[in-house]
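Analysis of the macromolecular model
One-letter residues, chain by chain:
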Amino acid sequence: MRLARFAASACALALATAGTVGVLAPTSSAAATNAYSVAPYVDMSNGQEGMLDTAITGHGLKAYTAAFVLGEGCTQIWGDTLPIGADSYTDPEIARAKAEGASVIISSGGASGEPLAWTCSTQSSIDAGYQAIISDYGVTQLDFDIEGAAIADTAAAARQMQAMKDLKASNPGLQFSMTLPVLTSGLTNDGVNILRAAKNAGIRIDVVNIMTMDYYAGTGTEMGQGAVSAAQATLAQMQSVDSGYTYANLGITPMIGKNDDGSTFTLADAQTVESFAAQHGIQELSFWALGRDKACATSGTLSDTCSGTPQSGYQFSSTFNRITGSTGGGGGTAPTGRITGYGGKCVDVAAASTANGTAVQLYDCNGTAAQNWTVATDGSLQALGKCMDVTSAGTANGTKVQLYDCNGTGSQVWRKQSDGSLVNPQSGRCLDATGPSSANGTRLQIWDCTGGANQKWTLPA
């Protein structure tokens, strides 16, 4: 069996979304630097798998999502009908990519199949089947792509979340994503029920991966901004179920180039999505599919093996890969040096102390390590091996800024704005010199963004 693209079905997307959701103020955590960062789907049964080697060795790809494992009763097969762990073509492809340094996420389901929890009702067999994927391929990340009628199967969703709870207990570090269809206004009601199933099982989905494609809203749909709107709305829905969700639990997966509904996701759209993801700390960027990341002979063609839009080979991969810092996009690189601000003073760690809670302040520039900051690709600002942190993850005006162990939370993310300000997306407030004052020892804090001189900062280039 050859699987077609996994674009969300029109019938699933025609369902009503769970309420009208306004645009959120950014709620962010740093984009993770693990294998989830950029992981395009690779259809392991359509003859384009060889592009994976080139993407890894020649275009900086560090992770990918191998699709699809299908449930067949209480057993599992790859999409070419060969069993997992014994596929003479797919298994060597995965092993070769691993040897080349790429991590793999194994995905189950898709438009033409269902994960094991949907085809088997015996919990012990489901747990054992998913454990077999983990063991056979040595993976720590699983993806489950739920489409069509499967998304409404609440009993299967409950079995799925119980399996994830069981496997997380026996596989420390295991992460999983649920890949779900969306409209620009967010998840369908059935998609929100998937979130509730996790809540009911007492777990949190590591990545809610939204398929920002095939909205069936007309060929002129602006796909980049549509993906941004879908992400903002989905996070609001996620937080309505579990307030602990942040953008660090969200993934965005468009279908590059020509979509089934006639819309087109362009390279400009890819840049829009990458920049949004970098700004807000989105956990995963993916796309369907790596085998399509090249031009067709005729522009506008809808194909499983090319994008149908003008591009050079692997150009979508390179655009998304910028979030990892490897090609210098919205995720940036990691320059190191002093940060200057109000009165020409430097951002300084008081007394060059590395203790958690040490004040971050203004001080005469002196070239010491206490004023040597690294602008990390995850959005953090680091000195003396620790991070600039909003005390107690506060969001109120006047919350002091300190030095603290780097922990990847939203209280340690800072986004440079075009006016020179540094915004902490979690609070929506700016890094501010209190007073305002430029006296040595002036504490830094967060405050409403005013555009004032005490909120202007020059980062190392």
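Going by the structure above, here's the rest.
Reference entry: report on the structure contained in this document. (Residues numbered from 1 in each chain as written. Predicted model: local features only at pLDDT ≥ 70, side-chain atom pairs only at ≥ 80, totals over all residues. Heavy atoms only, no water.)

1. Looking at the overall build of the protein chain
Operational definition: In DSSP terms, a helix is any run of H or I states spanning at least four residues, a strand is any run of E spanning at least two, and both are numbered starting from the N terminus. Partly exposed residues are those whose accessible area sits between 20% and 50% of the maximum for their type, while under 20% is buried and over 50% is exposed, using a 1.4 Å probe and protein chains only. What makes two residues a contact is simply this: any of their non-hydrogen atoms within 4.5 Å. The Shrake-Rupley method, run with a 1.4 Å probe sphere, supplies the accessible areas, and residue values consider only the shown protein chains as cover.
Along the protein chain, the regular secondary structure elements total 10 helices and 23 strands. When each of the 461 residues of the protein chain is scored for burial, the buried share is 57%. In the protein chain, 71% of the contacts between residues at least 6 apart in sequence involve partners at least 24 apart. Roughly 15,900 Å² of accessible area belongs to the protein chain as shown, and the carbon and sulfur atoms make up 50% of that amount.

2. Remarks on the state of the cysteines
Which entries qualify depends on this criterion: Counting rule for disulfides: a pair of cysteine sulfur atoms within 2.5 Å.
In this structure the tally under the stated criterion is 5 disulfides. Here Cys346 is linked by a disulfide to Cys365, with a sulfur-sulfur distance of 2.1 Å. Taking the sign of the S-S torsion, 100° for the link of Cys346 and Cys365, the bridge is right-handed. Residue Cys346 is found in strand β14 (residues 346-349), and its partner Cys365 is found in the loop between β15 (358-363) and β16 (373-375); the two are separated by 19 residues along the sequence. When its relative accessible area of 0% is taken as the criterion, Cys346 is described as buried.

3. Remarks on the pairing of strand β8 (residues 207-211)
Selection criterion: Two strands qualify as a pair provided DSSP detects at least 2 bridges between them.
Most of β8 sits inside the fold, with 5 of its 5 residues counted as buried. Residues Val207, Asn209 and Met211 of β8 are buried on one face, and the alternating residues Val208 and Ile210, pointing to the opposite face, are buried as well. With 5 bridges joining them, strand β6 (residues 175-183) and β8 adopt parallel strand pairing. When the sheet's bridge partners are listed, Thr179 is paired in β8 with Asn209.

4. Points about helix α3 (residues 90-99)
Filter applied, for reference: By construction, the arc corresponds to the directions joining the helix axis to the C-beta atoms.
Turning to α3, its buried residues number three or more, namely Thr90, Asp91, Glu93, Ile94 and Ala97. Seen from one end, α3 has its buried residues packed into an arc of 165°, which puts them on one side. Looking at the packing, one finds that the buried side of α3 touches α2 (51-59), β2 (63-72), β3 (75-78), β4 (103-109) and α5 (123-137).

5. Re the packing of helix α7 (residues 189-201) against helix α8 (residues 223-241)
Where we set the bar: Each axis is a line fitted through C-alpha atoms, taken for helices only over the stretch in contact, and angles between the N-to-C directions span 0 to 180 degrees. Crossing handedness is defined as follows: a turn of the near helix away from the far one that is anticlockwise and smaller than a right angle gives a left-handed crossing, while the clockwise case is right-handed.
Packing of α7 against α8 leaves a shortest axis separation of 9 Å and a crossing angle of 35°. Read as a crossing pair, α7 and α8 show a hand that is right-handed. The residues of α8 that touch α7, namely those facing Val192, Leu195, Arg196 and Lys199, are Gln237, Met238 and Val241.

6. What about the sheet that holds β14?
Pairing is antiparallel in the open sheet, where 7 strands are placed in the order β13-β16-β17-β18-β19-β15-β14. Of all the strands in the sheet, the pair left with one neighbour each is β13 (336-337) and β14. Relative to strand β19 (residues 401-404), strand β18 (residues 386-390) runs antiparallel, the two sharing 4 bridges. Of the residues in β19, the one forming a bridge with Asp389 is Gln402.

7. So, empty space enclosed by the protein
As a reminder, the rule being used: Using a 1 Å grid laid over the protein atoms alone, points where a 1.4 Å probe fits but cannot get out form a cavity; open sets with protein on both sides within 12 Å along at least 5 of 7 lines form a pocket; any residue with an atom within 4 Å of a point counts as lining. Grid points are joined across faces, edges and corners, and a volume is the space filled by probe spheres set on the points. Throughout this entry, Asp, Glu, Lys and Arg are counted as charged residues, while Ala, Val, Leu, Ile, Met, Phe, Trp, Tyr, Cys and Pro are counted as nonpolar. The remaining residues, Gly among them, count as polar.
In total, this model carries 1 cavity of 30 Å³ or more according to the counting rule given. Taken as a whole, the largest cavity holds about 30 Å³ of empty space. Along the lines of polarity and charge, the residues of the lining of the largest cavity split into 2 nonpolar, 3 polar and 3 charged.

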